[in-house]
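A structural walkthrough
So you can see what is in the structure, the chains are spelled out below.
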Amino acid sequence: MDEEKIIVCRCEDITLKEIRDLIHEGYTTVEEIKRVSRAGMGPCQGKTCGPIIAREISKITGKPIEEVYKPSNRPPFGGLFFKEIVGESNEE
Amino acid sequence: MKNYDILIIGGGPAGISSALAAAKLNLKVALFEEKEILGGQLVKQTHKFFGSKDESAGTRGIYIAQKLINEVNNKDKIDVFLNSMVLGYYEDGVVTALVKEKMEKFKPKKIIIATGAFEKSLPFENNDLPGVFGAGAVQTLMNVYGILPGKEILMIGSGNIGLIVSYQLAQVGVKVKGIVEISEKIGGYLVHASKVRRLGIPIYTKHTIVKALGDRKVKGAIIENVETKEKKEISCDVICLATGLMPLSDILNQINCKMKYIPELGGYVPVRDENMKTTVENVFVAGDSSGIEEATAAMLEGELAGLYASYEITNTFDKRINEIKEHLKELRKTSSKVVSGLKKLNLYKDFIVDSQKDLGKLHRTGVPEKEMIENIIPKDSNRFAIMECFQNIPCNPCVASCPTNAISMDSLNGIPKLDEKKCIGCGNCVAVCPGLAIFVVDKKKESVLLPYEFLPVPEKGEMVEIMDREGNFLEKNIVLNVRKMKDKTNLIEVKVSKENINNARHIRVVI
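Just so we're clear, the structure is a prediction, and the values are computed from it rather than from any experiment. Sequence order as written defines residue numbering, which begins from 1 separately in each chain. To read the labels, note that chains go from A and ligands from 1, taken in the order they are written. The predicted nature of this model means local features are confined to residues of pLDDT at least 70 and side-chain atom pairs, given and counted, to a pLDDT of 80 or more, with totals for whole chains, interfaces and linings taken over all residues. Side-chain descriptors were evaluated using all non-hydrogen atoms of the structure, hydrogens and water having been removed beforehand.

Considerations on the overall build of chain A
Selection criterion: Strands here are runs of E lasting at least two residues and helices are runs of H or I lasting at least four, both read from the DSSP assignment and numbered beginning at the N terminus. We compute the radius of gyration from the C-alpha atoms alone; for a globule the expected value is 2.2 Å times N to the 0.38, where N is the number of residues. Contact definition: two residues touch when any of their heavy atoms are within 4.5 Å. For the accessible areas, the method is Shrake-Rupley and the probe is 1.4 Å, while residue cover comes only from the protein chains on display. In this tally, Asp and Glu contribute negative charge and Lys and Arg positive charge; neither His nor the terminal groups of the chain are included. The atom standing in for a charge is NZ when the residue is Lys, CZ when it is Arg, CG when it is Asp and CD when it is Glu.
Counting its regular elements, chain A contains five helices and two strands. Each helix and strand of chain A, ordered N terminal to C terminal, gives the series β-β-α-α-α-α-α. On C-alpha atoms alone, chain A measures out to a radius of gyration of 16 Å, which is more than a quarter above the 12 Å that the 2.2 N^0.38 rule sets for 92 residues. Considering only contacts within chain A whose residues lie at least 6 apart along the sequence, 45% involve residues at least 24 apart. As displayed, chain A has an accessible area near 5500 Å², and 48% of this comes from carbon and sulfur atoms. Side-chain charges of chain A comprise 14 positive and 17 negative groups, with the mean position of each set lying 5 Å from the other.

Printed below as a string of C-alpha cells:
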C-alpha cells in the first residue's frame, strides 16, 4: 500500500503518509494535526478527513476516538463575501 | 431583524415535517434550505419506502417529496428561504443566514436543527482520481439532473444506499460490475440485495477496495479479500462510495450542545431527550443530524420536534406527540444498531429489540437457500403468491393489498404468511411490495407473474429472456400478459417451463 497515494484531506491535498508521520512525531489529536498540516481547513471544514484522522490516531495510540477528536465550529459556517455582510455593491 | 416562532434549519424530510407540524398549530415558521429545492435526499430517492401503510409505505421517495413540498407551499404560516445558508446562532438568540447574497438576522423563539448528514469517505490508493464518486453525487447526477456518472461502475458498500443506488444505476443502463462489502454479511435490507442479484450483479462480501487504477481517470479497481488477502482486478470507469453517513453537526458544535460519539448513530450526535430537545435551551434536533436512520424516522422525528417546540410556546399539548413516540418505537423494533445507540443517550432504556436471525446464505449472498424457498411453496394450490421475504423489517403494504385477506402478519415487523386456500393469485401484493419480493406462480398455466421496473416494457406475445435469482439465463419464453401500473412497478406474466417455474425471477427484453 502506497500511503503517499492515499488522500485523507481532499481540500488541502494531505496524504495518509503525512498524517501518520505527524502522529508518530507526537501530534495526537485531530485539532493538533489540523494546526500543523492544515488538514480540515478547506471548504468542507474537516467533515471528510476528521473521522479518518481520528481513526488513524486511535489505531496508533490506542486512545478512544472521543478523546482525540472533538469537532468545534465557529460561525460563519460557509464562505462569505464582505459585501454580503456590509451590503456594498461590488462593481468588480 | 425578523421575528419567528420557530426557525428550522434544513428543508429535508425532517425539517419539512417540523415546519408542517408547527404551522398546523398556527405558529409562524421560517424554513431554511441551503439548496435551490426543498426535499433533501427524498428528491433523488426513486425507490418505494418500507414502513407502515399509514406512513407512506410503498410510496416512492420522489412522490413523498412532492407531496410534502406542496403542503409547505400551501401554508402561508411558513416562510421558505431557499438558497439560504444559516451561518451561525448566537447567545442572544439571533440566527444569521445568507439570504439572496445578504447576511440577514432572525430572532426565533425556538430553533430546530435538521441539517441531515455528510457522506463518509474511504482511504485507498489513488482515491483522488476523477471517477471516484460518493453515492449521493451519483444519485444527484442521475436522478435529479439526468446525467450518467459513467458506463461501468463498482459500488463500495452494501448498506441500503449501496444496494439501492446499484439498482437505480442498472435501471438507467449502467453496468454495475459488483458491490464490495467489507463485513461477512450484507449491510442493507436483504430484499434490496436480492433485487440486485437477480440482475446478475455480484456482491463481494469480506472484500475491500485497496486501489483505484488509472492514470488521469478511473479505469478499474483492485479489491482484496480481507481474510485470504487474495486480490481481484475489476475494470470500471466509476468507483462509487456508499460507506456510510455521519450526522452534520456544525451548528450543534458551535452552540456547545453536549455531544456524544456513538458509532451506531454515525459519529458525534447531540445529547437529547425523548422530545428531541438538546442540552441547549430552545434548541431541538431532528432527522439524520440527531443520528443516522431512514427517512421515515426522520419525518416522524421532525414532526415530534415541531409539535414539542410548539407546545413549549403555546402550552397546548397535542396528543399526536405520544402517538409519534409509539410509531417510532414500532419502526425501531428490529433496528438493534439504532436502539443500542439510543440507549447510550439514556433513551429507550427498557426497550427490547427483536433479535435478528442469521439467515445464512441469504445474508452472505442476497440469494436464499433452496430449502427456504421450498418451505414457502404451497403444496395443494395451482396459482399462488410466493413471498420471498425472510427478514424482519418494518413493512406491511402486502397485507392491506390482499382482497381476500390471505396475507397476515404478527406485527409491522413480522414476516408475511400466506393462507394458500384464500390466495386467488391476483397479483395485487406483487405490485405493492416495496422490496419486489413477491411473485405469483401458476403451475397449471405454467406462468410466473413478476414485478418489472425496467424499460422498455415488453409487449404481450413478445419473446423475452428469463433469469433466475442470480441473474443466470434460464430460457426464452413468451409474455402472456402486461399490466402497466401508475406507480411504474409494472406486472409481467411470462410463460415458464415446469422445471424453471420456481426459479424464474427476472426477465430481460431482447432488443
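Having seen it, we continue.
Notes on the sheet that holds strand β10 (residues 175-180) of chain B
All names here are of chain B. Our working definition: Note on pairing: two strands pair once DSSP finds at least 2 bridges between them.
Taken together, five strands build an open sheet; the order of strands is β8-β15-β9-β10-β11 and the sheet is parallel. This sheet does not close on itself; its edge strands, each paired only once, are β8 (132-134) and β11 (203-204). One ladder, built from two bridges, connects β10 with β11; its direction is parallel. Within β11, the position partnered with isoleucine 179 by the bridge is isoleucine 203.

Description of the side chain of threonine 489 of chain B
All names here are of chain B. Applied cut-off: Relative accessibility under 20% of the residue-type maximum defines a buried residue, over 50% an exposed one, and the middle range a partly exposed one, all with a 1.4 Å probe and only protein chains included. Between N or O atoms, a polar contact is any pair within 3.5 Å; within protein, one atom must be a potential hydrogen donor and the other a potential acceptor, and residues adjacent in sequence are included only when both atoms are from side chains.
Turning to its location among the elements, threonine 489 is positioned in the loop between β26 (473-483) and β27 (490-495). Among the residues examined, threonine 489 registers a relative accessible area of 0% and is labelled buried. A distance of 2.9 Å separates a polar atom in the side chain of threonine 489 from a polar atom in the side chain of arginine 60. In this view, threonine 489 contacts Lys48, Arg60, Ala431, Leu436, Pro451, Tyr452 and Glu453; residues no more than four positions away in its chain are not counted.

Some thoughts on a nonpolar patch on the surface
Residue and element names in this part refer to chain B. Note the following rule: Without a salt bridge and with relative accessible area above 30%, a residue can belong to a patch; like charges are then joined within 9 Å and nonpolar side chains (Val, Leu, Ile, Met, Phe, Trp, Tyr) within 5 Å. A carboxyl oxygen of Asp or Glu within 4 Å of a side-chain nitrogen of Lys or Arg is what we treat as a salt bridge.
On the surface, Ile37, Val144, Tyr145 and Ile147 cluster together into a nonpolar patch covering about 340 Å² of accessible area. Within the secondary structure layout, isoleucine 37 lies in the loop between β2 (29-32) and α2 (61-73). On the basis of relative accessible area, isoleucine 37 is assigned to the partly exposed category, the value being 38%.

A look at the nonpolar core
Put simply, the rule reads: As used here, the term nonpolar core means buried Ala, Val, Leu, Ile, Met, Phe, Trp, Tyr and Cys residues forming a set that is joined through side-chain atoms within 4.5 Å.
Of all hydrophobic cores here, the largest spans 93 residues; its most connected members are Ile53 of chain A together with Phe32, Phe106 and Ile113 of chain B. Counting residues per element, this core draws most heavily on helix α7 (residues 295-314) of chain B, at 10 residues. In this structure, phenylalanine 106 of chain B is in contact with Met1, Lys2, Tyr4, Leu7, Phe32, Phe81, Gly93, Val94, Val95, Ala97 and Val99 of chain B, ignoring residues within four places of it in sequence. Within the second largest apolar cluster, 48 residues are counted, among which are Leu359, Ile466, Val494 and Ile507 of chain B.

Points about the pattern of salt bridges
In the structure shown here, the tally under the stated rule is 38 salt bridges over all chains. Ionic pairing is found between glutamate 493 of chain B and lysine 445 of chain B, a salt bridge with its closest N-O pair at 3.1 Å. Residue glutamate 493 of chain B is found in strand β27, and its partner lysine 445 of chain B is found in the loop between β23 (438-442) and β24 (447-452); the two are separated by 48 residues along the sequence. On the accessibility criterion, lysine 445 of chain B (38% relative accessible area) is partly exposed. The network of salt bridges with shared partners includes Glu3, Arg20, Glu56 and Lys59 of chain A.

Examining the UniProt feature "domain: BFD-like [2Fe-2S]-binding" (unreviewed entry) in chain A
Cut-off, in case you're wondering: UniProt positions are given in the numbering used here, feature names are shortened, and annotations may be inferred rather than shown by experiment.
The feature "domain: BFD-like [2Fe-2S]-binding" (unreviewed entry), as given by UniProt, occupies residues 7-54 of chain A in the numbering adopted here. The distance separating the terminal C-alpha atoms of residues 7-54 of chain A is 15 Å; by composition the span is 50% helix and 10% strand.

Some thoughts on the packing of aromatic side chains
Any aromatic ring pair is given by two values, namely how distant the centres are and how the planes are angled relative to each other. Residues and elements named next belong to chain B. Quick reminder of the rule: Stacked, tilted and edge-to-face are the three classes assigned to paired rings of Phe, Tyr and Trp, where Trp is represented by its six-membered ring and a pair needs centres within 6.5 Å; plane angles under 30 degrees give stacked, over 60 edge-to-face, the rest tilted.
Per the stated rule, a full pass over the model turns up 14 aromatic pairs over all chains. On the numbers, 5.0 Å between centres and 90° between planes, the contact of phenylalanine 50 with tyrosine 189 is edge-to-face. Note that phenylalanine 50 is positioned in the loop between β2 and α2 and tyrosine 189 in the loop between β10 and α5 (190-197), a separation of 139 residues in sequence. Each ring, one from phenylalanine 81 and one from phenylalanine 106, has its centre 5.3 Å from the other, and the planes form 75°; the classification is edge-to-face.

Points about a negative patch on the surface
Side chains of Glu4, Asp13 and Glu18 of chain A together with Asp128 of chain B sit close together on the surface and give a patch of like negative charge. Tracing the backbone through its elements, the reader meets glutamate 4 of chain A in the segment before β1 (7-9). Classification of glutamate 4 of chain A as exposed rests on a relative accessible area of 52%.

Description of the interface of chain A and chain B
Counted only if it meets this: Once two parts are brought into contact, the accessible area they lose, counted with a 1.4 Å probe and summed over both, makes up the buried area. Three classes are used, and their members are as follows: Ala, Val, Leu, Ile, Met, Phe, Trp, Tyr, Cys and Pro are nonpolar, Asp, Glu, Lys and Arg are charged, and the others, Gly among them, are polar.
On the chain B side, the residues contacting the 27 residues of chain A number 28 residues. Summing the contributions of chain A and of chain B, the shared interface buries around 2500 Å²; its carbon and sulfur component is 64%. In terms of surface lost to chain B, no three residues of chain A exceed Lys47, Phe77 and Glu84 of chain A, which account for 27% of the buried area on that side. Counting across the chain A and chain B interface gives one salt bridge. With a closest N to O distance of 3.3 Å, lysine 47 of chain A and aspartate 250 of chain B form a salt bridge. Secondary structure elements with two or more residues in the side of chain A that touches chain B: α3 (49-61), α4 (65-68) and α5 (82-86) of chain A. Tallied by class, the residues present in the side of chain A that touches chain B amount to 14 nonpolar, four polar and nine charged.

Points about helix α8 (residues 320-331) of chain B
Residue and element names in this part refer to chain B. The condition that has to hold: In this analysis, the expected span of each helix is defined as 1.5 Å times one less than the number of residues it contains. Arc, as used here, means the arc of the directions from the helix axis to the C-beta atoms.
With 12 residues, α8 extends 16 Å between its outermost C-alpha atoms, agreeing within 8% with the 16 Å of an ideal straight helix rising 1.5 Å per residue. Along α8, the residues that are buried comprise Ile321, Ile324, Lys325, His327, Leu328 and Leu331. Buried residues along α8 cover an arc of 160° about the axis, so they all sit on one side. Looking at the buried side of α8, the elements it contacts are α7.

Let's talk about the pairing of β10 of chain B
Residues and elements named next belong to chain B. Note the cut-off: Handedness of a crossover is defined as follows: orient the strands so they point away from the viewer, and if the path from the first strand over the helix to the second runs clockwise, the crossover is right-handed.
In the sheet, strand β9 (residues 152-156) pairs with β10 via five bridges, with the strands oriented parallel. Its bridge partner being in β10, isoleucine 153 is matched across the sheet by valine 176. Where the polypeptide runs from β9 across helix α4 (residues 160-171) and back to β10, its parallel neighbour, the crossover connection is right-handed.

Some thoughts on the pairing of strand β13 (residues 220-225) of chain B
Residue and element names in this part refer to chain B. Counting buried positions along β13 yields six of six residues, so the element is predominantly enclosed. Where strand β12 (residues 207-213) folds back onto β13 in an antiparallel hairpin, the turn is made up of six residues, including glycine 214, whose phi is positive at roughly 130°. Pairing analysis gives five bridges linking β13 to strand β14 (residues 231-235), with the strands arranged antiparallel. Pairing of glutamate 224 across the sheet is with lysine 231, part of β14. Connecting the antiparallel pair β13 and β14 is a turn made up of five residues, with lysine 229 showing a positive phi of about 65°.

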